[in-house]
Amino acid sequence: MIVVAITGASGVIYGIRLLEVLNEMNIENALVISDAAKTVIESETDYTVDELTGLADNCYDFNDLTASINSGSFKASALAIVPCSMKTLSSIANGYGDNTITRVADVSLKERRPTVIVPRETPLRSVHLQNMLTLSHEGAIILPAMPGFYSAHDTVDDQINFIVGKILDSLKIENDLFKRWE
């Protein structure tokens, strides 16, 4: 099972597309949406939160610290936080597990599970970079939403698929969402 967490940063479409692709590939997933992400989803996309939760096999409440995914004994295979706000990034880097997303990230890192973090902020402050470095040292994969242009993206959807394809690559899930460098 892949846990997908969507936080209140711009770029929620990346998380939505990841859920769509996991469904297309019949890969079991779980979803956690932060309260702030619910606002961003409605302002940046045509999706409703209910439609998004309909894409997930399992949904967990953002404020439920007793959720099963918050335990090391829960058998999730990986975590992708996409997009990841700087607040969430800071909480994870500093071990502050005060909600389901930051707690499941804490568990994923301590259990040495693949943890992909897709930060969405620009420009970056030194503290943002330090938090990313801290998490990288702990084994997280820091995958900023920076599309590559070598595959001649024609549309925004192509750019979204490029990032989602790179997330899947990081999780060792075969995909053909973007044209590879030749």
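Structure: above.
A brief structural summary.

1. Examining the overall build of the protein
Then comes step 1: A tally of regular secondary structure across the protein gives 7 helices and 6 strands.
Then comes step 2: Beginning at the N terminus, the succession of helices and strands in the protein can be written as β-α-β-α-α-β-β-α-α-β-α-β-α.
Then comes step 3: The C-alpha atoms of the protein give 15 Å as radius of gyration, which agrees with the globular expectation for 182 residues (16 Å, within 12%).
Then comes step 4: Seen through its C-alpha atoms, the protein measures out along the principal axes to roughly 45 × 40 × 30 Å.
Then comes step 5: The proportion of buried residues among the 182 residues of the protein is 51%.
Then comes step 6: In the protein, the proportion of contacts linking residues at least 24 apart, taken out of those at least 6 apart, comes to 74%.
Then comes step 7: Summed over all atoms, the accessible surface of the protein reaches about 8,900 Å², with 48% contributed by carbon and sulfur.
Then comes step 8: For the protein, the distance from the average position of its 14 positive side-chain charges to the average position of its 24 negative side-chain charges is 10 Å.

2. Examining the nonpolar core
Then comes step 1: Formed by 36 residues in total, the largest nonpolar core has its most connected members in Val4, Leu18, Leu31, Leu52, Val82, Ile167 and Leu168.
Then comes step 2: Looking at this core, the elements with two or more residues in it are β1 (2-6), α1 (12-24), β2 (29-33), α2 (35-44), α3 (49-54), β4 (78-84), β5 (115-119) and α7 (156-170).
Then comes step 3: No other element matches the 7 residues that α1 contributes to this core.
Then comes step 4: Residues within four places of leucine 168 in sequence aside, it is in contact with Leu18, Val21, Leu22, Met25, Ile173, Asn175 and Leu177.
Then comes step 5: If you look at the next biggest cluster of nonpolar residues, it comprises 26 residues, including Phe62, Ala76, Ile101 and Val104.

3. Side note on the pairing of β4
Then comes step 1: The buried count for β4 comes to 7 of 7 residues, which makes it a mostly enclosed element.
Then comes step 2: By the bridge criterion, 4 bridges tie β1 to β4 in an arrangement that is parallel. Residue valine 4 lies in a different strand from β4, and its bridge partner there is alanine 80.
Then comes step 3: Taken together, the 4 bridges between β4 and β5 define a ladder with parallel strand orientation. In the strand pairing of β5, cysteine 84 is matched with proline 119.

4. Section: the packing of helix α4 (residues 86-93) against helix α6 (residues 126-137)
Then comes step 1: Where α4 contacts α6, the axes come no closer than 9 Å and their chain directions differ by 45°. Looking at the two axes, α4 sits oblique to α6. The interaxial crossing formed by α4 with α6 has left-handed handedness. Contact residues: Met86, Leu89, Ser90, Ile92 and Ala93 in α4; His128, Asn131, Met132, Thr134 and Leu135 in α6.
Then comes step 2: Across the contact of α4 with α6, the residue classes tally to 6 nonpolar, 4 polar and no charged.

5. Concerning the packing of aromatic side chains
Then comes step 1: Taken as a whole, this structure holds 2 aromatic pairs when the rule is applied.
Then comes step 2: Summarising the aromatic geometry, the rings of tyrosine 60 and phenylalanine 74 are spaced 6.5 Å apart at their centres and angled 80° between planes, so their arrangement reads as edge-to-face. With tyrosine 60 in strand β3 (residues 58-60) and phenylalanine 74 in the loop between β3 and β4, this pair connects stretches of sequence that are 14 residues apart.
Then comes step 3: Where phenylalanine 162 meets phenylalanine 178, the ring centres are 4.9 Å apart and the plane angle is 65°; that geometry is what we call edge-to-face. Taken together, the positions of phenylalanine 162 in helix α7 and phenylalanine 178 in the segment after α7 put the pair 16 residues apart, joining distant regions of the chain. An identical accessibility class is assigned to phenylalanine 162 and phenylalanine 178; each is buried.

Criteria and cut-off values
- Residues numbered from 1 in each chain as written.
- Predicted model: local features only at pLDDT ≥ 70, side-chain atom pairs only at ≥ 80, totals over all residues.
- Heavy atoms only, no water.
- Helix = DSSP H or I, 4+ residues; strand = E, 2+ residues; numbered from the N terminus.
- Rg over C-alpha atoms; globule rule 2.2 N^0.38 Å.
- Buried < 20%, exposed > 50% of the residue type's maximum accessible area, 1.4 Å probe, protein only.
- Contact = heavy atoms within 4.5 Å.
- Areas by Shrake-Rupley, 256 points an atom, 1.4 Å probe, with all protein chains shown as cover.
- Lys, Arg positive; Asp, Glu negative; His and termini not counted.
- Charge placed at Lys NZ, Arg CZ, Asp CG, Glu CD.
- Core = buried A, V, L, I, M, F, W, Y, C linked by side-chain atoms within 4.5 Å.
- Pairing = 2+ DSSP bridges.
- Axes fitted to C-alpha atoms, helices over the stretch in contact; angles between N-to-C directions.
- Parallel < 35°, antiparallel > 145°, perpendicular 65-115°, else oblique.
- Left-handed = near helix turned anticlockwise from the far one by under 90°.
- Nonpolar A, V, L, I, M, F, W, Y, C, P; charged D, E, K, R; others polar.
- Phe/Tyr/Trp six-rings, centres within 6.5 Å; stacked < 30°, edge-to-face > 60°.

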